[in-house]
Amino acid sequence: MQFVRYTTGGTPGWGVLDDDQIHALDARPGGAPSLSELGDGAVRSAIRRDVDNGVLPAEDASAVSLLAPVPTPGKIVCAGLNYHDHAEEQNEEPPEKPMLFTKSPSAVANPGDAIVHPEGVEQVDYEVELAAVIGRAGADIPKADAEEYVAGYTVLNDVSARDAQFDDGQFFRGKSYDTFAPMGPTLVAGDGFDANAADVELRVNGTVKQSSNTEEFIFDVADLVSYISGFTTLRPGDVVSTGTPGGVGIFRDPPELLEPGDEVEAEIEGVGVLENDVVAE
Ligand code: MG
């Protein structure tokens, strides 16, 4: 099921996107489910029945603005070098353990929001990624249980200022400029969505730049959730971003980086298309 956070101008709410209609979950008795409830198959089945029976108020998806599923994550933990094809384009050996870094939670942007190209930064790049949103708190999560801790999956564009990223020797600044973490358009949970076998694509002005499948993962979602929870507690609303496939702008010859006016579409099969335009600061 595709869950969405959205607004029609007032207080944001949660809904289910089904057949171009948004079914309002806030209208259910007890209100919209929490992230931990979204991860619960029995809760999802009850919601599915409500949607199919048409008991929730619904409106056209075109009449609402979609929002990032998690506006203020507790933390955004990202895997670098996690696709075989992305390691190859850098002539890097696949890492033996996940290579992790963080993005500032205040970098989150909504679907349709601008990616602001900062003044003084030359090399703004795109990275389409599948992101797991954590639904339950956990530490030392065994790999076999890891997916029970995931509320759902969304698209995250790990926008990166390469000059800042490489100049600093630390990724934090280059990955954390405001608007450098667009997320959405939906949060997919259940319905047989396979996080480790989804097509992943990124287009700039309609031209395909990245095209892969999460089968190329070096470490799958369970590996990452288990590994990260082994050194830091994961909490509801934390985001684990799984890395990007080959085709990023900086490693193209010559490099093809983002410029104001560019239209970026990051798409993951089953999750949807996350669209953001680049604007100058
Ligand atoms: Mg990345």
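Cut-off values and rules
Residues numbered from 1 in each chain as written. Predicted model: local features only at pLDDT ≥ 70, side-chain atom pairs only at ≥ 80, totals over all residues. Heavy atoms only, no water. Donors = N, O, S within 2.8 Å, 3.2 Å for Na, K, Ca; no water. Helix = DSSP H or I, 4+ residues; strand = E, 2+ residues; numbered from the N terminus. Buried < 20%, exposed > 50% of the residue type's maximum accessible area, 1.4 Å probe, protein only. Pairing = 2+ DSSP bridges. Axes fitted to C-alpha atoms, helices over the stretch in contact; angles between N-to-C directions. Salt bridge = Lys/Arg side-chain N within 4 Å of Asp/Glu carboxyl O. Patch = residues over 30% accessible without salt bridge, like charges linked within 9 Å, V, L, I, M, F, W, Y side chains within 5 Å. Areas by Shrake-Rupley, 256 points an atom, 1.4 Å probe, with all protein chains shown as cover. Lys, Arg positive; Asp, Glu negative; His and termini not counted. Charge placed at Lys NZ, Arg CZ, Asp CG, Glu CD. Domains from an automatic or database assignment. Contact = heavy atoms within 4.5 Å. Buried area = accessible area lost by both parts, 1.4 Å probe. Polar contact = N/O pair within 3.5 Å; in protein donor to acceptor, adjacent residues only side chain to side chain. Phe/Tyr/Trp six-rings, centres within 6.5 Å; stacked < 30°, edge-to-face > 60°. Lys NZ or Arg CZ within 6 Å of the ring centre and 35° of its normal.

1. Points about the coordination of the magnesium ion
Consideration 1: Coordination sphere of the magnesium ion, protein contribution only: E127 (OE), E129 (OE) and D158 (OD), at 1.9 to 2.1 Å.
Consideration 2: Summarised as a motif, the one-chain spacing of the donors to the magnesium ion is E-x1-E-x28-D. Here E127 is found in the loop between β10 (124-125) and β11 (128-134), whereas its partner D158 is found in the loop between β12 (150-157) and β13 (160-161), with 31 residues between them in sequence.
Consideration 3: The exposure class of E127 is buried, given its relative accessible area of 6%.
Consideration 4: Assessed through its relative accessible area of 0%, D158 is described here as buried.

2. Side note on unusual backbone geometry
Consideration 1: In this structure, P185 follows G184 across a cis peptide bond, with omega equal to -5°.
Consideration 2: Among the secondary structure elements, P185 is positioned in strand β14 (residues 181-188).
Consideration 3: For the bond from D253 to P254, the omega torsion is 0°, close enough to zero to count as cis.
Consideration 4: Inspection of the secondary structure puts P254 in the loop between β17 (239-241) and β18 (263-268).
Consideration 5: Even without being a glycine, N91 presents a positive backbone phi close to 55°.
Consideration 6: For N91, the position within the fold is in the loop between α3 (84-89) and β7 (99-103).
Consideration 7: A relative accessible area of 73% means that N91 is categorised as exposed.

3. With respect to the sheet that holds strand β19 (residues 272-280)
Consideration 1: A sheet is described by the order of its strands in space; here 5 strands give the open sequence β9-β19-β18-β15-β16, paired in mixed fashion. Looking at strand neighbours, the two that pair on one side only are β9 (115-117) and β16 (207-213), the edges of this open sheet. Going across the sheet, the axis of each strand differs from the next one's by a mean of 20°, ignoring polarity.
Consideration 2: Bridging between β9 and β19 involves 3 bridges; their strand directions are parallel. Its bridge partner being in β19, H117 is matched across the sheet by A280.

4. A few points about the pattern of salt bridges
Two side chains with opposite charge may pair up if their charged atoms get near one another.
Consideration 1: Inspection of the entire model under this criterion finds 17 salt bridges.
Consideration 2: One salt bridge in this structure joins R162 and E127, with 2.8 Å as the shortest N-O distance. With R162 in helix α4 (residues 162-168) and E127 in the loop between β10 and β11, this pair connects stretches of sequence that are 35 residues apart.
Consideration 3: The exposure class of R162 is buried, given its relative accessible area of 2%.
Consideration 4: Members of the salt-bridge network, linked through shared partners, are K103, D125, E127, D158, R162 and K175.

5. Brief notes about a negative patch on the surface
Consideration 1: Together, E88, E147, D194, D199, E215, E216 and E269 make up a negatively charged patch on the protein surface.
Consideration 2: The residue E147 is located in the loop between β11 and β12 in this model.

6. Digging into the domain arrangement of the protein chain
Consideration 1: Partitioning the protein chain into domains gives domain 1 (2-66) and domain 2 (76-280).
Consideration 2: When each unit is reduced to the centre of its C-alpha atoms, the spacing between domain 1 and domain 2 is 25 Å.
Consideration 3: Contact residues are listed per partner, giving 12 residues for domain 1 and 20 residues for domain 2.
Consideration 4: In this assembly, domain 1 packs against domain 2 so that about 1000 Å² is buried in total across both faces, 60% of it on carbon and sulfur atoms.
Consideration 5: Considering only the surface of domain 1 that becomes buried against domain 2, Q2, L35 and L66 emerge as the three largest contributors, covering 49% of it.
Consideration 6: Here domain 1 and domain 2 share 0 salt bridges between them.
Consideration 7: Across the contact surface, domain 1 and domain 2 share 3 residue pairs in polar contact (both at pLDDT 80 or more).
Consideration 8: Those elements giving two or more residues to the side of domain 1 that touches domain 2 turn out to be β1 (2-7), β2 (13-18), α1 (35-38) and α2 (41-52).

7. Describing the pairing of β19
Consideration 1: Direction of pairing for β18 relative to β19: antiparallel, over a ladder of 6 bridges. Looking across to β19, one finds that A266 is bridged to L274.
Consideration 2: Turn length for the β18-β19 hairpin, with the two strands adjacent in sequence and antiparallel, is 3 residues, and the turn residue G270 shows positive phi of about 90°.

8. Topic: the packing of aromatic side chains
Here a ring pair, both rings aromatic, is described through the centre-centre distance and the interplanar angle of the planes.
Consideration 1: A full pass over the atoms with the stated rule returns 5 aromatic pairs.
Consideration 2: Taking the centre distance of 5.2 Å and the plane angle of 65° together, the rings of Y83 and F217 count as edge-to-face. With Y83 in the loop between β6 (76-80) and α3 and F217 in the loop between β16 and α6 (221-229), this pair connects stretches of sequence that are 134 residues apart.
Consideration 3: A ring pair is formed by Y227 and F231, whose centres lie 6.0 Å apart and whose planes are at 75°; its orientation type is edge-to-face.
Consideration 4: Taking the relative accessible area as the measure of exposure, Y227 reaches 32% and is therefore partly exposed.
Consideration 5: What makes F231 exposed here is its relative accessible area of 55%.
Consideration 6: We note R136 situated over the ring of Y149; from NZ or CZ to the ring centre the distance is 4.3 Å.

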